[in-house]
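Chain by chain, the residues run as shown.
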Amino acid sequence: MSEIVYLNGEFMPLENARVPVLDRGFIFGDGVYEVIPVYSRRPFRMPEHLARFRRSHDAIRLDYPLSDPEWTRLVHELIQRHGADDQSIYLQVTRGVAKRDHAFPKDAVPTVFAMSSPLSTPTREAIENGVSTVSAVDYRWQRCDIKSTSLLANCLLRQVAADSGATEVVMFRDGFLTEGSSSNVFTVRNGTILAPPKDHRVLPGITYDVVLELANNNGLPCEVRPVSEQEVRSADEIWVTSSTKEVLAVTTLDGKVVGTGRPGPVFRRIHQLYQEFKRTIMRQAA
Ligand SMILES: Cc1ncc(COP(=O)(O)O)c(C=O)c1O
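Parameters at a glance
As a convention, each chain's residues are numbered from 1 in the sequence order in which they are written. Selection of residues for local features in this predicted model requires a pLDDT of at least 70, selection of side-chain atom pairs for listing and counting requires 80 or more, and totals for whole chains, interfaces and linings are taken over all residues. For the side-chain quantities, the full set of heavy atoms in the structure was used; hydrogens and water were omitted. Only DSSP runs of H or I with at least four residues qualify as helices, and only runs of E with at least two residues qualify as strands; both kinds are numbered from the N terminus onward. Given a helix with a known number of residues, its expected span is that number minus one, times 1.5 Å. When a residue's accessible area, from a 1.4 Å probe over protein chains only, is under 20% of the maximum for its type it is buried; when over 50% it is exposed; and in between it is partly exposed. Picture the helix axis, draw a direction to every C-beta atom, and the arc is the one those directions span. Any two residues having at least one pair of non-hydrogen atoms within 4.5 Å are treated as being in contact. Near is defined per residue: the residue qualifies when any heavy atom it owns lies within 4 Å of the molecule or strand. Here a polar contact means two N or O atoms within 3.5 Å. Within protein one must be a hydrogen donor candidate and the other an acceptor candidate, and residues neighboring in sequence count only if both atoms are side-chain atoms. Residue classes follow a fixed rule: Ala, Val, Leu, Ile, Met, Phe, Trp, Tyr, Cys and Pro count as nonpolar, while Asp, Glu, Lys and Arg count as charged, and any other residue, Gly among them, counts as polar. For the purposes of this section, nonpolar cores are sets of buried Ala, Val, Leu, Ile, Met, Phe, Trp, Tyr and Cys residues that join through side-chain atoms within 4.5 Å. Residues enter patches when their relative accessible area tops 30% and they take part in no salt bridge; the joining distance is 9 Å for like charges and 5 Å for the nonpolar side chains Val, Leu, Ile, Met, Phe, Trp and Tyr. Note on areas: these come from Shrake-Rupley sampling with a 1.4 Å probe, and a residue is covered only by the protein chains present in the view. Salt bridge, as used here, is a side-chain nitrogen of Lys or Arg placed within 4 Å of a carboxyl oxygen of Asp or Glu. A strand pair is defined by DSSP finding two or more bridges across the two strands. In this analysis an axis means a line fitted to C-alpha atoms, helices contributing only their contacting stretch, and an angle means the value between N-to-C directions, from 0 to 180 degrees.

(A) Inspection of helix 2 (residues 46–59) at higher detail. Given a rise of 1.5 Å per residue, 14 residues ought to cover 20 Å, and the 20 Å separating the end C-alpha atoms of helix 2 matches this to within 8%. Those residues of helix 2 not exposed but buried are M46, H49, L50, R52, F53, S56 and H57. One side of helix 2 carries all its buried residues, which in axial view fall inside an arc of 160°. Opposite the buried face of helix 2, at more than 90 degrees from it, the exposed residues are P47 and D58. Along its buried surface, helix 2 packs onto strand 3 (31–39), strand 4 (42–43), helix 3 (68–81), strand 5 (87–94) and helix 6 (206–217). Downstream of helix 2 by a residue or two, R61 has a phi angle that is positive, lying close to 55°.

Right under this line is the structure:
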């Protein structure tokens, strides 16, 4: 059975969803997107995801085409039409179809697209053994805080990891940790969790916030501050976080073992807290 997606006000089978080639999303990558995990048919941290979606629209001066209650209805409709309990909702808005010209068109109507896919969270093997990463210079633009569909640099950088069989790339800019190609990066040194601040160099991850909240609420020491490359390379633990990866331990960076080479004790604690938190939230929503 074909997946049902939403395009500009209508639900339709995925293969029927078509966008004109002059859509500025296709021509310029002129759009923004959001990914919301769904557990047991309930969206996780929906208000936070929608708040970030709105900020991305504001940052690229694009009208927010639906209200939050309308997005919420749309997300619930997609969840209902999809078979799986755990899903990943993708929302995308572009500046619409217009004659090719870099400056904004005066009267283009935003293209609104949404779909749901099965959520694929990390395998037990990845959680228990950790994943490998490679490093790269972060040569992306200066507005990495915008969740933009212009992802060429992220794709090129992820491919560096894929080429060497690694799961993710850990990026540094001017000697400091930024993030991964599609995840935030945490380190642990001497029992303290270190996270780079949410500024223009990183995407303000929803999972990043959850992890810091859980650490703070459970007495795990953490510091949000610039983290040097040297501190990452000599860290006891490194983790990557995202809506689909949740929290994953990194056990090698550029072929060199991180800490003991096994997911560390602070990772195991935060992973357990994250799973408990998910279950509690889902029970409360039921
Ligand atoms: C570049 C980048 N950083 C961080 C993240 C993590 O964000 P979240 O936890 O909201 O999924 C993502 C998610 O896709 C990302 O693309």
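On we go from here.
(B) Molecular detail of the site of the ligand. The full set close to the ligand counts 17 residues, and R52, E179, I206, T207 and S243 are the nearest of them. Between the ligand and K147 there is a distance of 3.2 Å, counted from an oxygen atom to a side-chain nitrogen or oxygen. Taken together, the elements giving at least two residues each to the shell around the ligand come down to helix 6 and strand 13 (237–242). Of the residues assigned to the shell around the ligand, the class counts are two nonpolar, 11 polar and four charged.

(C) Fine view of the side chain of R173. Relative to the elements of secondary structure, R173 occurs in strand 8 (residues 168–173). Within the structure, R173 has its side chain in polar contact with the backbone oxygen of R140 (distance 3.0 Å). Not counting residues within four places of it along the chain, the set of residues in contact with R173 comprises D138, R140, W141, Q142, C144, T178 and R201.

(D) Spotlight on the nonpolar core. One finds F186, I193, I238, W239 and I270 to be the most contacted residues of the largest nonpolar core, which totals 41 residues. Elements represented by at least two residues in this core include exactly helix 4 (124–129), strand 8, strand 10 (184–189), strand 11 (192–195), helix 6, strand 13, strand 14 (246–253) and helix 8 (265–285). Broken down by element, this core gets its largest block of residues, seven residues, from helix 8. Discounting chain neighbours no more than four positions away, the residues touching I193 are F186, T187, V188, A215, L220, P221, C222, E223, W239 and V266. I79, I89, V112 and A114 belong to the second largest nonpolar core, which has 22 residues in total.

(E) Just a nonpolar patch on the surface, in detail. Where nonpolar side chains cluster on the molecular surface, the patch consists of V21, L22, F26 and V97 and spans about 390 Å² of accessible area. Along the chain, V97 falls in the loop between strand 5 and strand 6 (111–118).

(F) Quick look at the pairing of strand 5. Burial analysis of strand 5 places eight of its eight residues in the buried class, the great majority of the element. Sheet topology places strand 3 next to strand 5; eight bridges connect them, and they run antiparallel. Note on strand 5: the bridge partner recorded for V38 is Q87. Sheet topology note: the strand 5/strand 6 ladder contains eight bridges and is antiparallel. Each bridged residue has a counterpart across the sheet, and for T94 the counterpart in strand 6 is T111.

(G) Looking closely at the pattern of salt bridges. Applying the stated rule across the entire model yields 20 salt bridges. Linking R24 and D30 is a salt bridge whose minimum nitrogen-to-oxygen distance equals 2.8 Å. This pair shows no difference in class: R24 is buried, exactly as D30 is.

(H) Spotlight on helix 3. Between its terminal C-alpha atoms helix 3 stretches 20 Å, which fits the 20 Å expected from 14 residues at 1.5 Å a residue. The complete set of buried residues in helix 3 reads W71, L74, V75, L78 and I79. The buried residues of helix 3 occupy an angular sector of 135° when projected down its axis, which confines them to one face. Exposed residues lying more than 90 degrees from the buried face of helix 3 are R73 and Q80.

(I) Region of the structure containing the sheet that holds strand 4. With antiparallel pairing, six strands are arranged side by side in an open sheet as 2-1-6-5-3-4. At either margin of the open sheet sits one strand with a lone partner, and together these are strand 2 (10–13) and strand 4. Contacts from helix 2 reach strand 3, strand 4 and strand 5, with the element oriented near 175° to strand 3. Helix 3 contacts strand 1 (4–7), strand 2, strand 3, strand 4, strand 5 and strand 6 of the sheet and is inclined by roughly 135° relative to strand 5.

(J) Looking closely at the environment of F53. As for its position among the elements, F53 is in helix 2. Separated by 93 residues in the primary sequence, F53 and I146 place their C-alpha atoms 8.8 Å from one another. The residues contacting F53, other than those within four sequence positions of it, are V32, Y33, E34, Y64, W71, L91, Q92 and V93.

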